Amino acid sequence: MGTESFSNIRFKKDTAKRFQSFSRMYYKTHSLALAGMLDFFEYNQISPHENLGRRMEPIMDFLHKFRDFTAKRNNATIAVIKDLERNGIMPTKAMMELLFEGGPLSNAQENGGTMEGDLVIPEIQSTDLDTEFALIEERKQRQLLERELAQLKTRIREQLLDRTKVVRPALGAPRLQLDMTLSEWKTLRQQFKTP
C-alpha cells in the first residue's frame, strides 16, 4: 500500500451506491475510478453539466456513414470471396483495388499535405459499386466462355482431328479419312448443330 494518505468524503447513500457499482465495473479502486472520471472531463474539456447533444451529432453522423460504408465494403469483400470459392481463381488486380479503394482518408492525404487530419468518409456512390459488381460479373462470364471454348477445342481435337488419317492411294492425290461410324457422325453433328 505504501505511504498514501486517504481522506473521507460524504456522499448521499444512493449516489455512493451508484459510484461503487460503477467503480467495481471499470476500476480496481474507488480512487482510480474518481481520478479517471476527473481526467476524462479535464482532458476533453467537458463540463459535467454540459449537454453533449450538439457535439455528439457530427460524431454520430460520422459513425452512421462509416457503418454504412463498411457494410458496403464488407458486401464487396464477400462477393469477391464467394467468386473465388466458386471459380477457384486467384484475385485479380481489379478485385484487389475494388476491395481497398475508397477507404477512410485524412484531410492531409486528400489535400496532399503531411499534417494528420481527422478521418473522412468519402461520398459513397452506389453507382460505383454497381459498376464494379457489373465488371466482376462480366469477368466471370468471360472466364466461363474461355473455359467452354477450351473444352470445345479439346472435344474437336479428340473427336475429329485425332481420328482423321491421311490416306495415300496408289493412283491420285492423298486424301483425308475420318475413322468414325455413321452413328458417331450423326451424334457429333447433333452436338454441334447451331439453332
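Worth saying up front: this structure is predicted, and the values here are computed from it rather than measured. (Residues numbered from 1 in each chain as written. Predicted model: local features only at pLDDT ≥ 70, side-chain atom pairs only at ≥ 80, totals over all residues. Heavy atoms only, no water.)

Undergrad: What's the story with the overall build of the chain in this structure? I'm lost.
TA: Regarding its fold elements, the chain presents 7 helices and 4 strands. Of the regular secondary structure in the chain, the N- to C-terminal order runs α-α-α-α-β-α-β-α-β-β-α. Of all 195 residues assigned to the chain, the portion counted as buried reaches 11%. Residue pairs at least 24 apart in sequence account for 38% of intrachain contacts in the chain once pairs closer than 6 positions are excluded. (Helix = DSSP H or I, 4+ residues; strand = E, 2+ residues; numbered from the N terminus. Buried < 20%, exposed > 50% of the residue type's maximum accessible area, 1.4 Å probe, protein only. Contact = heavy atoms within 4.5 Å.)

Undergrad: Even after reading the chapter, I still don't get the pattern of salt bridges, so can you show me in this structure?
TA: Proximity of charged atoms lets side chains of opposite charge pair with each other. Tallying each qualifying case throughout the model produces 6 salt bridges. Two residues, glutamate 137 and lysine 140, come together in a salt bridge whose shortest N-O distance is 3.2 Å. With glutamate 137 and lysine 140 both in helix H6 (residues 126–161) and 3 residues apart, the pair spans about one turn of that helix. Across the pair glutamate 146 and arginine 142 runs a salt bridge, and its minimum N-O distance is 3.3 Å. Residue glutamate 146 and its partner arginine 142 are located together in helix H6, separated by 4 residues, close to a single helical turn. Its relative accessible area of 45% is what places glutamate 146 among the partly exposed residues. (Salt bridge = Lys/Arg side-chain N within 4 Å of Asp/Glu carboxyl O.)

Undergrad: Can you walk me through helix H1 (residues 13–26) in this structure?
TA: Here H1 spans 20 Å end to end across 14 residues, near enough to the 20 Å set by a 1.5 Å rise per residue. Burial within H1 is sparse, with just 1 of its 14 residues counted as buried. (Expected span 1.5 Å × (residues − 1).)

Undergrad: I keep staring at the layout of surface pockets and nothing clicks. Help me out?
TA: If a probe the size of a water molecule is rolled over the atoms, the empty space left behind becomes visible. Space inside the largest pocket adds up to approximately 510 Å³. Within the residue set of the lining of the largest pocket, elements represented by two or more residues are H1 and helix H2 (30–43). Each residue belonging to the lining of the largest pocket can be placed in one class, and the counts come to 7 nonpolar, 6 polar and 1 charged. (1 Å grid on protein atoms, 1.4 Å probe; cavity = no way out; pocket = protein on both sides within 12 Å on 5 of 7 lines; lining within 4 Å. Points joined across faces, edges and corners; volume = space filled by probe spheres on them. Nonpolar A, V, L, I, M, F, W, Y, C, P; charged D, E, K, R; others polar.)

Undergrad: Can you walk me through the environment of threonine 77 in this structure?
TA: Relative to the elements of secondary structure, threonine 77 occurs in helix H3 (residues 53–87). The exposure class assigned to threonine 77 is partly exposed, which follows from its relative accessible area of 26%.

Undergrad: Explanation requested: the packing of aromatic side chains in the structure shown.
TA: Across all of its chains, the model carries 4 aromatic pairs by this definition. Ring centres of phenylalanine 22 and tyrosine 26 lie 5.0 Å apart, and the angle between their planes is 50 degrees; on these two criteria the pair is classed as tilted. Residue phenylalanine 22 and its partner tyrosine 26 are located together in helix H1, separated by 4 residues, close to a single helical turn. Between phenylalanine 22 and tyrosine 27, the ring centres sit 6.5 Å apart and the planes meet at 50 degrees, which makes this aromatic pair tilted. A relative accessible area of 30% places phenylalanine 22 in the partly exposed class. The exposure class of tyrosine 27 is partly exposed, given its relative accessible area of 30%. An aromatic cluster is defined as three or more aromatic residues linked by ring pairs; in this entry it consists of Phe22, Tyr26 and Tyr27. (Phe/Tyr/Trp six-rings, centres within 6.5 Å; stacked < 30°, edge-to-face > 60°.)

Undergrad: So what exactly am I meant to see when it comes to the packing of H1 against H2 here?
TA: Between two packed helices, both the angle of their axes relative to each other and the distance between the axes serve to describe the pair. For the pair H1 and H2, interaxial distance at closest approach is 9 Å and the crossing angle is 95 degrees. With respect to H2, the element H1 is oriented roughly perpendicular. In contact with Phe19, Gln20, Phe22 and Ser23 of H1, H2 contributes His30, Ala33, Leu34 and Met37. Its residues placed into classes, the contact of H1 with H2 shows 5 nonpolar, 3 polar and no charged. (Axes fitted to C-alpha atoms, helices over the stretch in contact; angles between N-to-C directions. Parallel < 35°, antiparallel > 145°, perpendicular 65-115°, else oblique.)

Undergrad: Help me out: how do you make sense of the side chain of serine 23 in this one?
TA: Mapped onto the elements, serine 23 comes out in helix H1. Assessed through its relative accessible area of 2%, serine 23 is described here as buried. Excluding its chain neighbours within four sequence positions, the residues that come into contact with serine 23 are Thr29, His30 and Ala33.

Purely geometric numbers; function is a separate question.
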